[in-house]
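Residue strings, one per chain:
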Amino acid sequence: MQNKLRQLIHLLMKKYFQWRYWSHLYRNMVKQVKSNNEQLNKELIPYMNKPGIALSFDDSYRVNDWYKYGKNIFGYYDVKVTFNMNGVHPLEENREHIQQEIDKLLELQANGHELAHHSFRHKDATEYSAAYGYDRWMEEEIITLFNWMEKQSHSKTKERFKKPVIFAFPHFKCNDLTLRKLIPKYFKIARGHLDKDNLTSFNHSGFAPSICLDTYYACNVNYLKKMIKLAKKTGKNLILTCHSILPENVNRDHIGKGKKAEKWGNWRVSPELIQRIIDIGRKYDMEFYTTSEIAGIATFIDYNFERAVREKISNPDRWIDIADLTKVKELDLSNKGISNLDGLEYFLNVEKLNLSNNSISDFRLLKKLPKLKHVNTENNSLDHSKNVKRYSSLVKSSFLLLALKVTPFVKVFHFPEWS
């Protein structure tokens, strides 16, 4: 009886402190935000001004959880999220990621998700740089992970990691000097924890706040719902940080043994909570962005595709702005040696698209182009002709249905020549 009473008191205390933390956090946000009345009269365009949610997951040694419990929830270029990478498993003697883990990370990237930089060994930036100097921290934690990622590839597809645009501070710890070391030389955004109104504008550069949902921050869904509504009202974006994705009945020691593993094992959210956040976001017509998309940056898996895009928009700069891609109405990508269409989703206004004479076997991203009228996919990936026919048929069916429902004069077809 006494044990049950203690458990009940513990549960009530936990609920109280959770409520107090989230209610205080929300009230502070309300005090600092400014409503964007102009937003109400504008057409809301994804990546430009349509507010959204960026789910950010830390610590890539948790990749098995992400893959097993998150992959199906997020889908294919549906709910896009940011997974923040390290190069090693800090709970297993700092061993580097094995090939199976690398493959899973790259398969998440192939589903439209972002793999961001979270330092090579997950060292606290402020403590490590104070102890060993900022140059050593940069070399061992930042440059080392860049170099490590460049050397990896998927065991079957041979796809490689994109170069990260975003940095996520381990333990959320940073200071002005660590920020200046990283921005803008290496990254567009450095994600931390709470700051000011905890919302992030589009095309943001520098420090970006986030709200943590797990361990002692334990998410209060009612207040989170209010925060999502607040983001929509202001026309800004809400970055939410999590760690493992695990059902409630999975033990805390799933990531290893020992006190540290037991402690770090508390940093987790359930698939049910993630699904609820997705449902709330969709209810309020919010987009789901990667952190780099909030920064306004387009990324590509296929280097040939990226090279062709740079030629099209005459951009030799380090980063490609999504805003520049939304201006394109005609895009000829024929004979470019392209095999992966990741990044095509940013061409929201393209009407005429030539993809002929490449090595593309997956055309599902064509469904992400709302204004596409004419597309040529001839002579693609002869080794995967069945897949080409299947996805081409899928795309034609989707656009035909859209045309019948919305614009009866739109024609969707494959044409033999680019004129």
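Since the model is a prediction, treat every value here as computed from it, not as a measurement.

**What about the overall build of the chain?**
Helices and strands together make up the secondary structure of the chain, namely 13 helices and 18 strands. Taking the intrachain contacts of the chain between residues at least 6 apart in sequence as the baseline, contacts between residues at least 24 apart amount to 67%. For the chain, the exposed surface amounts to about 20500 Å²; the carbon and sulfur share of it is 50%.

**Quick look at the packing of aromatic side chains**
Applying the stated rule across the entire model yields 24 aromatic pairs. Aromatic side chains Tyr128 and Tyr132 sit 4.8 Å apart centroid to centroid with 50° between the ring planes, which places their arrangement in the tilted category. A residue pair is termed a helical-turn pair when its members lie 3 or 4 positions apart in one helix, as Tyr128 and Tyr132 do in helix α4 (residues 125-132) at four residues. Here Tyr128 falls in the buried class, since its relative accessible area comes to 9%. Its relative accessible area of 45% is what places Tyr132 among the partly exposed residues.

**Here we look at the side chain of His243**
Here His243 lies in the loop between β10 (238-242) and β11 (244-245). Side chain to side chain, His243 and Asp214 meet in a polar contact 3.0 Å long. Excluding residues within four positions of it along the chain, His243 makes contact with Phe57, Asp58, Asp59, Arg62, Trp66, Cys212, Asp214 and Trp267.

About the cut-offs
- Residues numbered from 1 in each chain as written.
- Predicted model: local features only at pLDDT ≥ 70, side-chain atom pairs only at ≥ 80, totals over all residues.
- Heavy atoms only, no water.
- Helix = DSSP H or I, 4+ residues; strand = E, 2+ residues; numbered from the N terminus.
- Contact = heavy atoms within 4.5 Å.
- Areas by Shrake-Rupley, 256 points an atom, 1.4 Å probe, with all protein chains shown as cover.
- Phe/Tyr/Trp six-rings, centres within 6.5 Å; stacked < 30°, edge-to-face > 60°.
- Buried < 20%, exposed > 50% of the residue type's maximum accessible area, 1.4 Å probe, protein only.
- Polar contact = N/O pair within 3.5 Å; in protein donor to acceptor, adjacent residues only side chain to side chain.

Limitation: the analysis is restricted to geometry and does not speak to function.
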